[in-house]
Amino acid sequence: MNKKKFTILIDQDDVLAEYIKGVTKAYNDKYKTNRNVEECTSWDLCSIFGEEVETVMHEPDLFRHLEPVKYALEVFERLYRSNLFEMYIVTAANPKSVDAKFEWIKEYLPFFPEDRVIVCKRKYMVKGDFLLDDGMHNIEEFLEAGGTPIIFDRPHNRHKGKGITRVKDWLAFERIIMENYYAEKLQEDSSEEAI
């Protein structure tokens, strides 16, 4: 008997790609400042940097050159290739950055089908079992819609989300998903290793 595959929705910015780190660097380069990511304790970057941050935060080149989040690429690929899940990247995007975000995915996740990338600001409208995201508005809306959100820990969300599962990195996310939802698969794998 085939078990239903869980559907996992994955955010791109600050979950797969280091968006705020990229914005901070671009801002520092352009305005000759020395700001750092840990200062970004609000989702509203204008409240941290000032209105001039808007001159860098939607630029296509920014999105093309973001570095991958630590462990994101290998864990994402491992989960995808396990064939245990239906996986989609669900990302909000300024219209001028959409192509650049697709280019980033093609470069870093070349095995991932383009038709599994959804550009959407209202992520709760996308049907899924789990959402891994850093934006608390997405987390809260997905929870209200009946899904299971998982907070990807970032300075701007640390003071929110009490009672919602939070992960510090991709290895923790993989462990939670596999231990809680595919424990029997892990037992099978360890039994095979013992033989």
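The coordinates are above.
Right, let's walk through the structure included here. Nothing here was measured: the structure is a model prediction, and the numbers come from that model. (Residues numbered from 1 in each chain as written. Predicted model: local features only at pLDDT ≥ 70, side-chain atom pairs only at ≥ 80, totals over all residues. Heavy atoms only, no water.)

Scanning the protein chain from terminus to terminus reveals 8 helices and 6 strands. Taking 2.2 N^0.38 as the reference for a compact globule, 195 residues should give roughly 16 Å; the C-alpha atoms of the protein chain span a radius of gyration of 18 Å, in line with that estimate. With 195 residues in all, the protein chain has 46% of them scored as buried. Positive and negative side-chain charges in the protein chain, numbering 28 and 37 respectively, have mean positions lying 1 Å apart. (Helix = DSSP H or I, 4+ residues; strand = E, 2+ residues; numbered from the N terminus. Rg over C-alpha atoms; globule rule 2.2 N^0.38 Å. Buried < 20%, exposed > 50% of the residue type's maximum accessible area, 1.4 Å probe, protein only. Lys, Arg positive; Asp, Glu negative; His and termini not counted. Charge placed at Lys NZ, Arg CZ, Asp CG, Glu CD.)

So, about a negative patch on the surface. Taken together, the side chains of Asp-44, Glu-51, Glu-52 and Glu-54 make up a negatively charged region of the molecular surface. With relative accessibility at 59%, the residue Glu-51 sits in the exposed group. (Patch = residues over 30% accessible without salt bridge, like charges linked within 9 Å, V, L, I, M, F, W, Y side chains within 5 Å. Areas by Shrake-Rupley, 256 points an atom, 1.4 Å probe, with all protein chains shown as cover. Salt bridge = Lys/Arg side-chain N within 4 Å of Asp/Glu carboxyl O.)

If you look at the biggest cluster of nonpolar residues, it comprises 49 residues, and the most contacted ones within it are Ile-10, Phe-76, Trp-170 and Phe-173. Beyond its immediate sequence surroundings of up to four residues, Ile-10 is in contact with Val-15, Leu-16, Phe-76, Met-87, Tyr-88, Ile-89, Val-90, Leu-132, Trp-170 and Phe-173. Membership of the second largest hydrophobic core comes to 6 residues, among which are Leu-9, Val-90, Cys-120 and Phe-142. (Core = buried A, V, L, I, M, F, W, Y, C linked by side-chain atoms within 4.5 Å. Contact = heavy atoms within 4.5 Å.)

The backbone of Asp-14 sits at a positive phi, close to 70°, despite the residue not being glycine. Within the secondary structure layout, Asp-14 lies in the loop between β1 (6-10) and α1 (19-31). Since its relative accessible area comes to 2%, Asp-14 is described here as buried. With a phi angle near 65°, Asn-83 is a residue other than glycine that sits in the positive phi range. Relative to the assigned elements, Asn-83 resides in the loop between α4 (72-81) and β2 (85-91).

Reading across the sheet, the 6 strands line up as β3-β2-β1-β4-β5-β6 and stay open at both edges, with parallel pairing between neighbours. Single-partner strands in this sheet number two, and they are β3 (117-119) and β6 (166-167). As defined by bridge partners, β1 adjoins β2 across 5 bridges and the pair is classed as parallel. Of the residues in β2, the one forming a bridge with Ile-8 is Met-87. The strands touched by helix α5 (residues 98-108) within the sheet are β2 and β3, with β3 carrying the most contacts at an inclination of about 160°. Taken strand by strand, helix α6 (residues 136-144) contacts β1, β4 (130-133) and β5 (148-152), and its axis lies near 165° from that of β5. (Pairing = 2+ DSSP bridges. Axes fitted to C-alpha atoms, helices over the stretch in contact; angles between N-to-C directions.)

Scanning the entire structure with this criterion turns up 0 disulfides. Among the cysteines around Cys-40, which has no disulfide bond, Cys-46 carries the closest sulfur, lying 11 Å off. Given a relative accessible area of 1%, Cys-40 falls into the buried group. (Disulfide = S-S within 2.5 Å.)

With that out of the way, let us pick up the environment of Trp-43. Examined against the element boundaries, Trp-43 turns out to sit in the loop between α1 and α2 (45-49). Among the residues examined, Trp-43 registers a relative accessible area of 48% and is labelled partly exposed. Put simply, Trp-43 and Ile-8 are 35 residues apart on the chain and 23 Å apart in space, counted from C-alpha to C-alpha. If we skip the residues at most four places from it in the chain, Trp-43 touches Asp-134, Gly-135, His-137 and His-156.

Our focus in this paragraph is the side chain of Lys-101. Turning to its location among the elements, Lys-101 is positioned in helix α5. If sequence neighbours within four positions are ignored, Lys-101 has contacts with Gln-12, Asp-13, Phe-63, Thr-91, Ala-92 and Ala-93.

A few words on the packing of α4 against helix α7 (residues 170-181). Look at α4 against α7: their axes get within 9 Å of each other, and the N-to-C directions meet at 20°. It follows that α4 is roughly parallel to α7 by the angle criterion. Residues Ala-72, Val-75, Phe-76, Arg-78 and Leu-79 of α4 form the contact with α7, whose participating residues are Trp-170, Leu-171, Phe-173, Glu-174 and Met-178. A class-by-class count of the residues in the contact of α4 with α7 yields 8 nonpolar, no polar and 2 charged. (Parallel < 35°, antiparallel > 145°, perpendicular 65-115°, else oblique. Nonpolar A, V, L, I, M, F, W, Y, C, P; charged D, E, K, R; others polar.)

Bear in mind that shape data such as this cannot, by itself, settle questions of function.
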